[in-house]
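A look at the structure
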Amino acid sequence: MKNTILHINNGGRAALSDIPAYSYDEFRNEALSLLEEAGRHCVNYFAYPCEGSLRLFMCIADDAAHDVLVFSTIVAEGARLASAAAENHVLERFEREMTEDHGLVFEGHPWAKPVRAKDGYPFFSMEGEELHEVGVGPVHAGVIEPGHFRFICNGEDVLHLEIQLGWQHRGSEALMLGKKRLIERVLIAEGVAGDTAVSHSIAFATVWESLCGFKPSEEVLWARTLAAELERMANHTGDLGAICGDVAYQLGAAVFGRLRTPIVNFSQRWCGNRLGKGNIRPGHAPYAFTPALRLQLLSDLSAYEKDFLEMCDKIQHFPSVLSRLERTGVVSRAQAEAIGAVGMAAKCAGVCRDIRASHPYALYENLEVTPVVKETGDVLARTELRIDEIRQSLALVRTLLENMPSSFGGRLVPSSPAPDSFSIALAEGWRGEICHCAITDGKGELALYKFKDPSFHNWMALALAVRGNEISDFPICNKSFNLSYCGHDL
C-alpha cells in the first residue's frame, strides 16, 4: 500500500486521480503506521465534499525525504468512523474540526468537543473543596482577539486550563471560493493572521502558481525570502519586549519595543505597509528592491544589532528576569510530540521542526537554514529561541543583500489553474509551520481551499504549559507562545 501513496514536493501539484482512495479502515491504519515513524508529522487532514460524499485527505510531511505523503478515503456524510485520534493524539483537533464542519462522528475520540466557540460548550470540570474556577475573556483588556480561558485552580496553582476560541466565525475558507478575483483571494490570505501576512501570502502564491504551472523567477523568490525574514525579526523583537514587560523589566520592554519599529518601518518604505501586506503577489514582485533600499536596510540592521545584542546580554544575565523565565511554563518533548506541536512550541522542547530546512521553499534551499532547537521547553527557551533566530535572520538577510538581483522584471500574473488538481504549500512563519491546500474542479475553479496556521496545533501547548504553575504566571506563559486567535478562527 505504501508504494501507491502520492509523494509530492512542497509547492507541488498533482491530479486528483493520482491520489489513492482507500477504504476508511485502510486509510486509518496507514495514517497511524506512518505517523509512528520518526521525522513524520501530519501537516493537514481535512474533508472535501464531493458528489454527496466526503473525501478525507491526509497530508503527512516526511522531513527526512523532504516530501509530503498524500492519500485519501471516501466516506458518507454523517458517517460514524473509528477515531484515529484515539490512538494518536496529533490528529484530535483535525477530527474535531471535521465533526464540527461536516457532521462526521469519530467514535472513541478522546476529547470530542467543538474546535470553535458554540453555545453550551462542555467545559471540563473537577470537584473538590479546595478547587475553584477562574474565567478570563472572551473580552480582554488589551488590544487582542476574543478568546476564553477557563482555569481550574487549587489555591494559586493551576491544575487545568481549557481554551475556547473561534468567536468571530470568519469564514475565510468559504470566502476563498466565493471570491473570483485573484486580488481578492490574495487579500484573504494576507488576513488569515495579520502579523503573519508575508508567510501566509507566500503559501498562497506558491499554491496558486503551482496550480497554474507557473515557475516564479529567482528575483521574485529572493524578495519573498527577504520579506519573510524581516517579518520574523520584527515579530520576535516585539515579543521579546512584551516578555520583558510581563516580568516588569521595563528597560527591556522599552528597548525591544523601539527596535521593532525600524524593521516594520523599513517594510513600509519598501511596499507601503508595516506588516508587509501587498508585498507578495503570485507571479511577480510588485515592489522592486532598489539599491537605495539596500543601503537603508544595511544601515538599519547595523543600528539595530548593536542595541539588540546589548539588551540580549542584559536579560540573559539579569537574575530577576531569569528567575521568572527559568522553569516556568514547561512543555516537555513528549508532550510536544504527542500534540503535534510546530514552530517555537516544538523547537523549544527539543523537536526539530522547521519547514525552511526540512521542506525548503523560495531561496531557503540555497541558504541552508539550521533550525534553532532548545531542550528545556520553558519560557526561557522560548525567549532564547527568539534571540537566536533573530541573530540567524540578521545573517540570512545580509547574505541575501550581498546577492541582490539587478532587476525584478515585469508583471506576470498566472491565471489559469489546472482542472481536477491538488496542490499543497508549506511555509515556516515566525510562529511555525503554515500549510495551504487547494483543490480545483473540472473547470479549473477552486473547489476547496484549506488554511492551517501554526496556532491550530500550538494552543494545546499553552494549556499544558500552565499546569503546575501559579495563575499569576499565565501572562508570561501566554506571551512566550504569542499564538494567533484569528489564525485559529477560519
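Read on for a plain summary of the structure. (Residues numbered from 1 in each chain as written. Predicted model: local features only at pLDDT ≥ 70, side-chain atom pairs only at ≥ 80, totals over all residues. Heavy atoms only, no water.)

1. Details of the overall build of the chain
Definition in use: Secondary structure elements are taken from DSSP: a helix is a run of H or I of four residues or more, a strand is a run of E of two residues or more, and numbering for both begins at the N terminus. In this scheme, a residue with accessible area under 20% of its type's maximum is buried, one over 50% is exposed, and one in between is partly exposed, where area comes from a 1.4 Å probe on protein chains only. Per-residue and other accessible areas were derived by the Shrake-Rupley procedure at a 1.4 Å probe size, with only the shown protein chains allowed to occlude residues. In this count, Lys and Arg are taken as positive residues and Asp and Glu as negative ones, while His and the chain termini are left out. Where a charge sits is defined by one atom per residue type, namely NZ (Lys), CZ (Arg), CG (Asp) or CD (Glu).
Along the chain, the regular secondary structure elements total 16 helices and 14 strands. Projecting the C-alpha coordinates of the chain onto the three principal axes gives extents of approximately 70 × 60 × 40 Å. Within the chain, the fraction of its 490 residues that count as buried is 58%. Carbon and sulfur atoms provide 50% of the accessible area of the chain, an area that totals close to 18900 Å². Counting 47 positive and 63 negative side-chain charges, the chain places the centres of these two groups 6 Å from one another.

2. Quick notes on empty space enclosed by the protein
Put simply, the rule reads: The rule is simple: put a 1 Å grid over the protein atoms alone, call a set of points where a 1.4 Å probe fits but cannot get out a cavity, call an open set with protein on both sides within 12 Å along at least five of seven lines a pocket, and count a residue as lining if it has an atom within 4 Å of a point. Grid points are joined across faces, edges and corners, and a volume is the space filled by probe spheres set on the points. Amino acids are sorted into nonpolar (Ala, Val, Leu, Ile, Met, Phe, Trp, Tyr, Cys and Pro), charged (Asp, Glu, Lys and Arg) and polar (every other residue, Gly among them).
Tallied over the entire structure, the rule returns four cavities of 30 Å³ or more. Reported here for the largest cavity is a volume of approximately 130 Å³. Elements with a contribution of two residues or more to the lining of the largest cavity: helix 6 (218–246) and helix 7 (250–271). Residues that form the lining of the largest cavity fall into these classes: eight nonpolar, four polar and four charged. Within this model, the second largest cavity holds a volume of roughly 80 Å³. What lines the second largest cavity is simply H89, V90, E92, R93, F94, I339, F456, H457 and M460.

3. Things to note about the layout of surface pockets
Counted as a void, the second largest pocket has a volume near 590 Å³. Lining the second largest pocket are 22 residues, and of these N10, L221, P360, Y361 and A362 lie nearest its centre. If you list the elements that add at least two residues to the lining of the second largest pocket, you get helix 5 (197–212), helix 6 and helix 13 (364–367). Counted by class, the lining of the second largest pocket contains eight nonpolar, nine polar and five charged residues.

4. Concerning the nonpolar core
Put simply, the rule reads: We call a set of buried Ala, Val, Leu, Ile, Met, Phe, Trp, Tyr and Cys residues a nonpolar core when their side-chain atoms join them within 4.5 Å. Throughout, a contact is declared for two residues whenever any of their heavy atoms are within 4.5 Å.
Counting residues in hydrophobic clusters, the biggest one holds 108 residues, and the most contacted among them are F289, F422 and L462. Take this core: its biggest share by element is 13 residues, from helix 6. Those residues within four positions of F422 in sequence are excluded, and the remaining contacts are I8, G12, R13, A14, L16, I19, F46, C59, V70, C437, A438 and I439. Counting 30 residues, the second-largest nonpolar core is a separate cluster that includes L35, M58, F94 and L104.

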